[in-house]
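Examination of the molecular architecture
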Amino acid sequence: MKISKILKKKRTLSFEVFPPKKYDEEIVKLYETINALKQYNPDFISVTCGANGSNRKNNTEIAGYIKEKGIEPLAHLTGGPSTEEDILNAIKSLKEKNIENVLALRGDKPVDYEAEYCKTFKHATDLMDYINKNSDLSFAGACYPEGHSECDSLKEDLIHMKEKQDAGAEFFITQIFYDNEYYYRLVSEARKVGITKPIIPGVMPLIFPSSIKRTKEMCGLTIPLEYRNMLEYYKDNPKVFKEIGINYAVYQIMDLIAKGAPGIHIYIMNNSKTAEEIYKRLEHVFKELF
Ligand code: FAD
């Protein structure tokens, strides 16, 4: 089923997984994670695709597995490293597995990537146009509550977000954020420029002390001072640190729902325990309001 159709009827709960690096050794574990996620009745599970395109096949395999388990998959597809033939092959494999939903992205050029990046598909919208011409896949786009790192202003970023909607993006999923105000600002500014499609917030609990630095360096994200102080204070106590991270994510989710978010997308880093921890704290919220 098209995820955009589900969004018209209800608030969605979704999770994101990624193809493991050591695919052959770790895929069984990921399949166990997907099976464990089923008990939380997710509306969809998304599967990332490597920025260098190398794991496109694994991405499709995992999306196919999710579909077999009776959950709607959202397969990520990166245009940056792809040729037209790569995308046609990906579309063919997705269709063979009855996968209807794709998150169409540009991707980021990996440091060790030697070939020309974005040779065929310069931006996500170029990939979206191509998907439109060559398939009936339904697709979503990415968006950035704190603005995309390459963009000079949120205003310009919003122009490109609107172009994604005009190219046919049926909904959006956000980059992670730790200050909900950035999400509310994005939604409010997006509505002013005519972006009407649902914008699903992406939430990722910080559960390992090492992830604070990585999150800030990789995505340039703002972590509110009070929360940062707390993480800093408990950084040598992994169990407490994890608890704080889960509780903060729960707080973010409760606030997002109270202010009308159309769904919640949880980046679980292939760890079903993360989903479990969040779900058990919010069971009634998910059962009654989703
Ligand atoms: P674009 O929409 O092309 O935007 C990239 C930059 O170009 C932005 O600054 C934008 O404002 C600007 N821009 C867009 N269109 C134009 C235009 N016409 N002219 C000039 N400038 C323009 N990466 C992966 O490799 N694999 C994944 O699975 C993956 N999943 C993601 C999931 C989510 C929910 C999000 C938010 C990101 C994900 N990413 C993933 C990261 C993403 O690929 C990077 O953030 C990338 O830098 C931008 O991708 P995009 O699709 O937003 O690109």
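Residues numbered from 1 in each chain as written. Predicted model: local features only at pLDDT ≥ 70, side-chain atom pairs only at ≥ 80, totals over all residues. Heavy atoms only, no water.

**A closer look at the site of the ligand**
Selection criterion: One heavy atom within 4 Å of a molecule or strand makes the whole residue count as near it. Polar contact is the term for a pair of N or O atoms within 3.5 Å; when the atoms are in protein, one must be able to donate a hydrogen and the other to accept it, and sequence-neighboring residues count only if both atoms are side-chain atoms. Note on areas: Shrake-Rupley with a 1.4 Å probe; residue coverage comes only from the protein chains shown. For the purposes of this entry, the term helix denotes a DSSP run of H or I that reaches at least four residues, the term strand denotes a run of E that reaches at least two, and both are numbered from the N terminus. Here the nonpolar group is Ala, Val, Leu, Ile, Met, Phe, Trp, Tyr, Cys and Pro; Asp, Glu, Lys and Arg are the charged ones; every other residue, Gly included, is treated as polar.
Inspection of the region around the ligand gives 26 residues, with Cys-49, Asp-108, Tyr-144, His-148 and Asp-157 positioned closest. Contact distances for the ligand include 2.6 Å between a nitrogen atom and a backbone N or O atom of Cys-49. For the ligand, an oxygen atom lies 3.0 Å from a polar atom in the backbone of Gly-107. Compared with its free state, where it exposes 970 Å², the ligand has 84% of that area covered by protein. Within the residue set of the shell around the ligand, elements represented by two or more residues are β3 (72-78), β4 (101-105), β5 (138-143), α6 (154-166) and β6 (172-176). Residue contributions to the shell around the ligand peak at four residues, all from α6. Taken together, the residues that form the shell around the ligand break down as eleven nonpolar, nine polar and six charged.

**A look at the sheet that holds strand β2 (residues 44-47)**
The line we're drawing: A pair of strands is labelled paired if DSSP reports no fewer than 2 bridges between them. Note on definitions: angles span 0 to 180 degrees between N-to-C directions of axes, and those axes are lines fitted to C-alpha atoms, for helices only across the stretch in contact. Any two residues having at least one pair of non-hydrogen atoms within 4.5 Å are treated as being in contact.
The eight strands are arranged β1-β2-β3-β4-β5-β6-β7-β8 in a closed barrel whose pairing can be described as parallel. This sheet shows a mean twist of 30° between the axes of neighbouring strands, independent of strand direction. Helix α7 (residues 180-192) rests against β5, β6 and β7 (199-203) of the sheet, and its axis sits at about 165° to β7.

**As for the packing of helix α10 (residues 238-258) against helix α11 (residues 272-289)**
Condition: Orientation labels follow simple angle bins: below 35 degrees gives roughly parallel, above 145 gives roughly antiparallel, 65 to 115 gives roughly perpendicular, and whatever is left gives oblique. Crossings are assigned a handedness: left-handed for a near helix turned anticlockwise from the far helix by less than a right angle, right-handed for a clockwise turn.
Two elements in contact, α10 and α11, have axes whose closest approach is 9 Å; the angle formed by their N-to-C orientations is 20°. For the element pair α10 / α11, the angle class is roughly parallel. Of the two possible hands of crossing, α10 and α11 adopt the one that is right-handed. When α10 is examined against α11, the residues Glu-243, Ile-246, Asn-247, Ala-249, Val-250, Ile-253, Met-254 and Ile-257 are found in contact with a partner set consisting of Thr-274, Glu-277, Ile-278, Arg-281, Leu-282, Val-285 and Leu-289. Each residue belonging to the contact of α10 with α11 can be placed in one class, and the counts come to ten nonpolar, two polar and three charged.

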